[in-house]
Amino acid sequence: MTVTENTRPSQTLNAVDRKDARDRGGDRQPMLIARELKKHFPITGGVLNRTIGHVRAVDGVSFTVMKGETLGVVGESGCGKSTLARLLMHLIVPDSGDLIFDGDAVGENDGLSVRDMRRLMQMVFQDSYSSLNPRMPVEDSISYGKKVHGASEQEAKEAARELLTKVGLDPNLFGPRYPHELSGGQKQRVNIARALVLEPRVVILDEAVSALDKSVEAQVLNLLRYLKQHFNLTYVFISHDLNVVQYVSDRVLVMYLGEVVEIGPVDEIYARPKHPYTQALLASRLSMDPDDRIEEPPLVGDPPNPINPPSGCRFRTRCKFAEKICEIERPVLGEWLSSEAHVTACHMFVPRSGHSMANEAGKPEAAATVPAAAMAGED
Ligand SMILES: Nc1ncnc2c1ncn2[C@@H]1O[C@H](COP(=O)(O)OP(=O)(O)O)[C@@H](O)[C@H]1O
Ligand code: SF4
Ligand SMILES: [Mg+2]
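Reference entry: report on the structure contained in this document. As the structure is a prediction and not an experimental result, all values here were calculated from the model. (Residues numbered from 1 in each chain as written. Chains lettered and ligands numbered in written order. Predicted model: local features only at pLDDT ≥ 70, side-chain atom pairs only at ≥ 80, totals over all residues.)

1. Remarks on the sheet that holds strand β11 (residues 343-344)
Strand order across the open sheet formed by seven strands is β6-β7-β8-β3-β9-β10-β11, with mixed pairing between neighbours. Strands with a single pairing partner mark the edges of an open sheet, and in this sheet they are β6 (121-124) and β11. In this sheet, strand β8 (residues 234-238) lies alongside strand β7 (residues 202-206) in parallel orientation, the contact comprising five bridges. Paired with V203 across the two strands is Y235, which belongs to β8. Across the sheet, helix α1 (residues 81-88) lies against β3 (70-74), β6, β7, β8 and β9 (251-256), angled at about 155 degrees from β7, the strand it touches most. (Pairing = 2+ DSSP bridges. Helix = DSSP H or I, 4+ residues; strand = E, 2+ residues; numbered from the N terminus. Contact = placed C-beta atoms within 7 Å. Axes fitted to C-alpha atoms, helices over the stretch in contact; angles between N-to-C directions.)

Written out as C-alpha cells, the structure reads:
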C-alpha cells in the first residue's frame, strides 16, 4: 500500500479513551506546551575563531500537543524540525523558552526534572542503523534502557521480548540478531521497541519512516497506529512528506525558517491552507494522478539563509503576496493554545495589518484559495 491523501483512515489517532494512572491534569490539560522556544547556533570564523553569526534554527516556536493526539510537523529541509525535536527532548538546551509536560515545567525546581521527562518522552530517528549498537544483539539493545533505570536482568529481558512481539518481530528469531542482520523496516521496528521500553507517554518520531520503501513505510505507520492505541501514546510526528503527515496526524504544524507559520486540524490545513507557504508546499507535493500535475513549481528556490533571515515575514522573498508591511513587521501567529484553532502568521490574516488584502475579518478571499493542481515536486 502506498500512503496517499486518499488512504487516511477515517478514525485516525484521536484522543485516547483509556485512563492513564500517570495523568495529572485530565484530558483537557495539554500533554505538552512549548512556549517561545529558541535555539540559535553560533557560527565561528576568522583566525581567532570568534562567533561571527548565529543560525536561527528555532526562533520563538510555541504550540501545544493534546493528550492522545498526533501532531504532525512539516516544512522543507533545514527549517528547524530536528532542532525542535531535540529541544523538546532537552538533548540540546534551549536559549530561551519553556516546556510544560502535563502541567509541570520541565527543568524547573518545582517542576519535572529533565531526567524524569526523558523517561516519559522518547524519540525515534530516521537513521535506524546508526541508532543501534552494532555490537549488541537487538534484545540487549532494547532491554538496556530498562536496566539503566533499575530493572533486574530478568525483568528487562522479559520487557524486551514482549516489545519485540508487539512490534511484530518473533523474539526467539530476532532477539539474538545483530543490527546488520536486519532489514531497514526490522531495524526501525527494533528502534520503536527500544523507545517504548521505558513506557513513555510521548514519542517524537523524527523522519522515522522516511528512509523506508513505500510498502514497508505503510506497514510501520500501521504499527505506530496500533502501538499508539495499545500504549496510550501521544505522538509528535516530524516529516517532510506531506502525504504521510496527512495520513497520521490529528493536527499539523507548518515550519518555515525556524518559525511556525501555520497550525491547525489536519483536515482544515489540507483543505483550506491559509499561509502562502503552506499553500505552495501542498501544491508542490507529488500528485498520484499524472493528469493532475502542473508545469510550474509553486515554490521555487531554496529558503533564505537562516543566519541572516529576511526582516519582517521570513517568507516574503518567495511570497507573491508580499507588500511593504511584510518587510517591516514580523507577523505573529494568532491564538495557538486551543487545539481546534487554525491560525497562521501572515499579515493578510490580521485585520487592519496594513496589508492591502487584509479585510476586517482577517480572511482574505484570494489567499484562502488553494492552488488548483499539484505538481511533481522533490518532496
Ligand atoms: N549543531 C548545529 N550547529 C549549527 N547549525 C546547526 C546545528 N544543527 C542544525 N543546524 C542548522 O539549523 C538549521 C535547522 O536544521 P534542522 O533542525 O536539522 O532542520 P530540519 O530537521 O528541518 O531539516 C539548519 O540551517 C542547520 O544547518
Ligand atoms: S506576511 Fe506577507 S510575505 Fe508573509 S506570507 Fe503573508 S503576505 Fe506573504
Ligand atoms: Mg531533520
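Next comes the rest of the account.
2. Details of the site of ligand 2
Among the 13 residues in the neighbourhood of ligand 2, the closest are listed as C313, R316, C319, C326 and C346. Residue classes in the shell around ligand 2 are distributed as 10 nonpolar, two polar and one charged. (Near = placed C-beta within 6 Å. Nonpolar A, V, L, I, M, F, W, Y, C, P; charged D, E, K, R; others polar.)

3. Here's the deal with the site of ligand 1
The immediate surroundings of ligand 1 are formed by F41, V55, A57, G75, S77, G78, C79, G80, K81, S82, T83 and P306. Per-element tally for the shell around ligand 1: the top contributor is α1, with three residues. Classifying every residue of the shell around ligand 1 by side-chain character gives five nonpolar, six polar and one charged.

4. Notes on the sheet that holds strand β4 (residues 96-101)
With antiparallel pairing, the four strands of this open sheet are ordered in space as β2-β1-β4-β5. The open sheet has two edge strands with one neighbour each: β2 (50-65) and β5 (104-105). Judged from the two bridges that link them, β4 and β5 form a sheet pairing that is antiparallel. When the bridges of β5 are listed, I100 appears paired with A105.

5. Digging into the packing of helix α6 (residues 184-196) against helix α7 (residues 214-231)
Two numbers describe how α6 lies on α7: the axes approach to 10 Å, and their chain directions differ by 15 degrees. Looking at the two axes, α6 sits roughly parallel to α7. The two elements α6 and α7 cross, and the hand of that crossing is right-handed. Counted together, G184, G185, Q188, R189, I192 and L196 of α6 and V216, Q219, V220, L223, L227 and F231 of α7 form the full contact between these two elements. Counted by class, the contact of α6 with α7 contains seven nonpolar, four polar and one charged residues. (Parallel < 35°, antiparallel > 145°, perpendicular 65-115°, else oblique. Left-handed = near helix turned anticlockwise from the far one by under 90°.)

6. Comments concerning the environment of V61
If you trace the backbone, V61 turns up in strand β2. A C-alpha to C-alpha distance of 8.4 Å links V61 and G97, two positions 36 residues apart in sequence.

7. Things to note about α1
Of all eight residues making up α1, seven are buried, and the element is well covered by its neighbours. Within the span of α1, buried status applies to K81, S82, T83, L84, A85, L87 and L88. (Buried ≥ 20, exposed ≤ 12 C-beta atoms within 10 Å, placed from the backbone.)

8. Re the pairing of strand β10 (residues 259-265)
Burial analysis of β10 places six of its seven residues in the buried class, which makes it a mostly covered element. Both β9 and β10 contribute to a ladder of six bridges, which runs antiparallel. Looking across to β10, one finds that L253 is bridged to I263. Sheet topology note: the β10/β11 ladder contains two bridges and is antiparallel. The residue bridging E262 from the neighbouring strand is T344, located in β11.

9. Quick word on the packing of helix α3 (residues 138-148) against α6
The contact between α3 and α6 brings their axes to 8 Å, and the two run at 25 degrees. As summarised for this structure, α3 and α6 are arranged roughly parallel, according to the angle between their axes. Crossing angle aside, the handedness with which α3 passes α6 is right-handed. From α3, V138, S141, I142 and G145 reach across to α6, where they touch V190, A193 and R194. A per-class count over the contact of α3 with α6 returns four nonpolar, two polar and one charged.

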